[in-house]
Amino acid sequence: MGQFFTNIWNSIVDYFTNLGSNADLILIGIVKIVLIIVVAKLVSVFVRRLVVRSLRRRKEKKPESQLAIKSDTIESVAKSVSKVVIYLIGAMSILGVLGLGTTVTSLLATAGIGGIAIAFGAQSLVKDVVSGLFLLFEDQFSVGEYIEAGGEKGTVEAITIRTTKIRKFSGETAIIPNGVIDKVINYSRGNHLAIISMSIAYESDAAKAGEIMKAVGDEYRKSHDNVIEEPQVLGVTALGESDMVIKMIMRVKPLTHWVTEREIMMQIKEEFDKNGIDIPYPHHVIING
């Protein structure tokens, strides 16, 4: 592998040596390389803008179409692929200007594709790319959805053929190679179950507590359109050392179960206080001898 890079370096040195003292040829070569870099950058920007405009027009014409729904994901992938292709073409063009196109091709064939792939860690790269293609084809998640993958949980910000970018709830960005994603939990598809668990003291009336929870749930449903089904009180589901746990469930729209649970628990607590339903807390008994 070291010989491969040595041959590349020798070819570059030979190229500039053959130019000799001809400053014009050197200047022309430098100008061509700069132009290739500038053109590659401009083409990359143009392609990205073209993709964005095309998808936006499609979205405006048919907002309910599958393409419009997946427009953010398609845009993210298209930008990634076009950038890689354009810069690769630019790199090959620069090698052509340096007169190394044929040299690099022959050296690659001599070195063996397998050895170069291993040396550059291409096995992991290929795994990431192939996994990314399967993620896209199987439509496991899209940009904007809240998922758990690769040990991280958050909102998908971008999907490329090699990585997935996730914005975590606390604000950090996690960039996950697609090859390490072996399981995906998508919280944005399908309705969720809001689970409200309330602990009450053994001295409290469990039946009355359940009635209060049901009444609060019914009232909440009337004023919130994210609740799909009426609440169901499951009754006492656990007995602790100093408390009974009463559970209620409500089916709600995707990603609204957290806020629903918080708001309903607060309202139930207020109603418990009004009706003398005690929340258990540690009691200390002091015996004077």
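Data block above holds the structure.
Residues numbered from 1 in each chain as written. Predicted model: local features only at pLDDT ≥ 70, side-chain atom pairs only at ≥ 80, totals over all residues. Heavy atoms only, no water.

Visitor: Would you mind showing me how to read the overall build of the protein chain here?
Guide: Helix and strand content of the protein chain: 9 helices and 8 strands. Of the contacts formed within the protein chain by residues at least 6 apart in sequence, a portion of 64% connects residues at least 24 apart. Roughly 18,100 Å² of accessible area belongs to the protein chain as shown, and the carbon and sulfur atoms make up 60% of that amount. (Helix = DSSP H or I, 4+ residues; strand = E, 2+ residues; numbered from the N terminus. Contact = heavy atoms within 4.5 Å. Areas by Shrake-Rupley, 256 points an atom, 1.4 Å probe, with all protein chains shown as cover.)

Visitor: Looking at this model, I keep getting lost on the pattern of salt bridges. Mind explaining?
Guide: A side chain of one charge can pair with a side chain of the opposite charge when the charged atoms of the two come close. Scanning the entire structure with this criterion turns up 8 salt bridges. Taking the shortest distance from any N to any O, the salt bridge between Glu148 and Lys153 comes out at 4.0 Å. Residue Lys153 is classed as partly exposed on the basis of its relative accessible area, which comes to 35%. A salt bridge links Glu229 to Arg251; the shortest N-O distance between them is 3.8 Å. Of the two residues, Glu229 sits in the loop between helix H8 (206-223) and strand E7 (232-239) while Arg251 sits in strand E8 (residues 244-252), which places them 22 residues apart along the sequence. (Salt bridge = Lys/Arg side-chain N within 4 Å of Asp/Glu carboxyl O. Buried < 20%, exposed > 50% of the residue type's maximum accessible area, 1.4 Å probe, protein only.)

Visitor: Is there a simple way to explain the packing of aromatic side chains in this structure?
Guide: Geometrically, a pair of aromatic rings is defined through the distance of the ring centres and the angle of the planes. Enumeration over the complete set of coordinates arrives at 3 aromatic pairs. Where Tyr146 meets Tyr187, the ring centres are 5.7 Å apart and the plane angle is 65°; that geometry is what we call edge-to-face. Here Tyr146 is found in strand E1 (residues 146-149), whereas its partner Tyr187 is found in the loop between strand E5 (184-186) and strand E6 (192-200), with 41 residues between them in sequence. Accessibility expressed as a relative area gives 12% for Tyr146, which makes it buried. On the basis of relative accessible area, Tyr187 is assigned to the buried category, the value being 16%. Ring centres of Tyr146 and Trp258 lie 5.4 Å apart, and the angle between their planes is 70°; on these two criteria the pair is classed as edge-to-face. With Tyr146 in strand E1 and Trp258 in helix H9 (residues 257-274), the pair connects residues that are 112 residues apart, well separated along the chain. Under the relative-accessibility criterion, Trp258 is labelled partly exposed at 33%. (Phe/Tyr/Trp six-rings, centres within 6.5 Å; stacked < 30°, edge-to-face > 60°.)

Visitor: Honestly, the nonpolar core in this entry has me stumped. Any pointers?
Guide: Residues Ile196, Met213, Met250, Ile264, Ile268 and Phe272 are the most contacted members of the largest nonpolar core, which totals 19 residues. Broken down by secondary-structure element, the contributors of at least two residues to this core are E6, H8, E8 and H9. Not counting chain neighbours up to four residues away, the residues in contact with Ile264 comprise Ile196, Val216, Tyr220, Met248 and Met250. Formed by 12 residues, the second largest nonpolar core is a distinct cluster that contains Leu135, Val143, Ile147 and Ile166. (Core = buried A, V, L, I, M, F, W, Y, C linked by side-chain atoms within 4.5 Å.)

Visitor: Sorry, what's going on with H8 here?
Guide: Residue pairs spaced three or four apart in an α-helix point in one direction, given the helix's 3.6 residues per turn. For H8, spanning 18 residues, the distance from its first C-alpha to its last is 26 Å, which sits close to the expected 26 Å at 1.5 Å a residue. Tucked into the core, H8 has its buried residues touching E6, E7, E8 and H9. If you check the start of H8, you find a side-chain oxygen 3.1 Å away from the backbone N of Ala207, and it comes from Asp205. (Expected span 1.5 Å × (residues − 1). Polar contact = N/O pair within 3.5 Å; in protein donor to acceptor, adjacent residues only side chain to side chain.)

Visitor: Honestly, the packing of H8 against H9 in this entry has me stumped. Any pointers?
Guide: Axes are the key here: two packed helices are described by the angle between their axes and the distance separating the axes. At a minimum axis separation of 10 Å, H8 and H9 run at an interaxial angle of 130°. In terms of axis orientation, H8 runs oblique to H9. Here H8 runs over H9; the crossing is right-handed. Between H8 and H9, the residues in contact are Ala209, Ile212, Met213, Val216 and Tyr220 and Val259, Thr260, Glu263, Ile264, Gln267, Ile268, Glu271 and Phe272, respectively. (Axes fitted to C-alpha atoms, helices over the stretch in contact; angles between N-to-C directions. Parallel < 35°, antiparallel > 145°, perpendicular 65-115°, else oblique. Left-handed = near helix turned anticlockwise from the far one by under 90°.)

Visitor: Quick question: what am I supposed to make of H9 here?
Guide: Under the 1.5 Å per step criterion, the end-to-end length of H9 is 26 Å for 18 residues, consistent within 8% with the ideal 26 Å. Turning to H9, its buried residues are His257, Thr260, Glu261, Ile264, Ile268 and Phe272. The arc enclosing the buried residues of H9, seen along the axis, measures out at 90°, which places them on a common side. In H9, those exposed residues whose orientation departs by more than 90 degrees from the buried face are Arg262, Met266 and Lys274. Packing partners of the buried residues in H9 comprise E6, H8 and E8. Of the residues trailing H9, Gly276 is marked for its positive phi of about 70°. (Arc of directions from axis to C-beta.)

Visitor: Looking at this structure, I do not really get the sheet that holds E8. What am I missing?
Guide: Sheet strands associate in pairs through backbone hydrogen bonding, adopting either a parallel or an antiparallel arrangement. Taken in spatial order, the 3 strands line up as E6-E8-E7 in an open sheet, and their pairing is antiparallel. Since the sheet does not close on itself, it has two edges, and those belong to E6 and E7, each with one partner. The sheet shows a mean angle of 25° between the axes of neighbouring strands, direction not considered. Each of E6, E7 and E8 is contacted by H8, which is oriented at about 20° to E8, the strand it contacts most. Sheet strands in contact with H9 are E6 and E8, and its direction is about 30° off that of E6. (Pairing = 2+ DSSP bridges.)

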